[in-house]
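Descriptive analysis of the structure
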Amino acid sequence: MGKAIAVFLGRNGDTCSIYQPGKVAIYQREEEKWQVVRARDFDLEQCSGMLGLRQRIWELLTFMEDCRIFVAKSITGIPYYELEKANCSLWEIDGNPLQFLDFILDKEEADQEIREDNPLLIPIEVSPGQYRISLQSIQEKHAGFTSKQVLRPFLRRGDYKVLEVYCSHVPPWLELDLAAQNLEWEIKQLGEMEYKIAITKKSRG
């Protein structure tokens, strides 16, 4: 069985915003053709409050089963962060699925192969629970990878106590992501265009 891709569709068969009524279709490529293996209606309009939104996204994840690639015209707010926490790879594309499914699958598989072949893309454990990674070193050797592609999968997994990130500038998306995941962080400037970001989990109690 090929890798599955979940696509959120409007009434016209094209992708739509996750906040519009539509349906989630699970596509799978078999013998070079994409087939819908299952589908269900999905609507966030009747959800009440943050808890209602989260509950509906959990229902969506249950329907997706082991599929962890999700495509919609736009994905924002609580749905975005809940899907990210569940280790979904999120794509925002406008159009008909048959026009982009091959592209997404090829890109996902290529990125996975590069990660497996290049341990530099994965933070190094320098002591139990403490990890370190240099975005400068990665982007010098792998210019095609963005800070989001490198950091987000590791941050989503959450199996760390401290992550130290060394970079030439603070990624503009990072602080919003860290706040959404209830993480603490400290930024220190070590020199000209040289920063250290220490990311830690908030202590309980």
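Up top is the structure.
In short, a report on the structure. (Residues numbered from 1 in each chain as written. Predicted model: local features only at pLDDT ≥ 70, side-chain atom pairs only at ≥ 80, totals over all residues. Heavy atoms only, no water.)

**Looking at empty space enclosed by the protein**
- Evaluated as defined, the whole model comprises one cavity of 30 Å³ or more.
- Looking at which element gives the most residues to the lining of the largest cavity, the answer is helix H2 (residues 77-85), with three residues.
- Class assignment of the residues belonging to the lining of the largest cavity gives a composition of two nonpolar, one polar and two charged. (1 Å grid on protein atoms, 1.4 Å probe; cavity = no way out; pocket = protein on both sides within 12 Å on 5 of 7 lines; lining within 4 Å. Points joined across faces, edges and corners; volume = space filled by probe spheres on them. Helix = DSSP H or I, 4+ residues; strand = E, 2+ residues; numbered from the N terminus. Nonpolar A, V, L, I, M, F, W, Y, C, P; charged D, E, K, R; others polar.)

**Remarks on the packing of aromatic side chains**
- On inspection of all chains with the given rule, the structure shows four aromatic pairs.
- Residues Trp 91 and Phe 103 carry aromatic rings whose centres are separated by 5.9 Å and whose planes lie at 85° to one another, so their mutual orientation is edge-to-face. Here Phe 103 lies in helix H3 (residues 101-117) and Trp 91 lies in strand E5 (residues 89-92), a separation of twelve residues in the sequence.
- Under the relative-accessibility criterion, Trp 91 is labelled buried at 16%.
- Taken together, the ring pairs in this structure connect Tyr 131, Phe 154 and Tyr 160 into an aromatic cluster.
- Here the guanidinium or amino end of Arg 40 rests over the ring plane of Phe 63, the centre of that ring lying 5.8 Å away.
- Above the ring of Tyr 160, the side-chain terminus of Lys 201 is found at 5.2 Å from the ring centroid. (Phe/Tyr/Trp six-rings, centres within 6.5 Å; stacked < 30°, edge-to-face > 60°. Buried < 20%, exposed > 50% of the residue type's maximum accessible area, 1.4 Å probe, protein only. Lys NZ or Arg CZ within 6 Å of the ring centre and 35° of its normal.)

**Looking at the nonpolar core**
- In terms of nonpolar packing, the biggest core is built from 25 residues, with Val 24, Met 64, Phe 70 and Leu 83 touching the most fellow members.
- Where this core is concerned, the elements lending two or more residues are strand E1 (4-9), strand E2 (22-30), helix H1 (49-64), strand E4 (69-72) and H2.
- Those residues in contact with Phe 70 that lie beyond four places of it in its chain are Ala 6, Phe 8, Ile 18, Val 24, Leu 60, Met 64, Ile 75, Leu 83, Ser 89, Leu 90 and Trp 91. (Core = buried A, V, L, I, M, F, W, Y, C linked by side-chain atoms within 4.5 Å. Contact = heavy atoms within 4.5 Å.)

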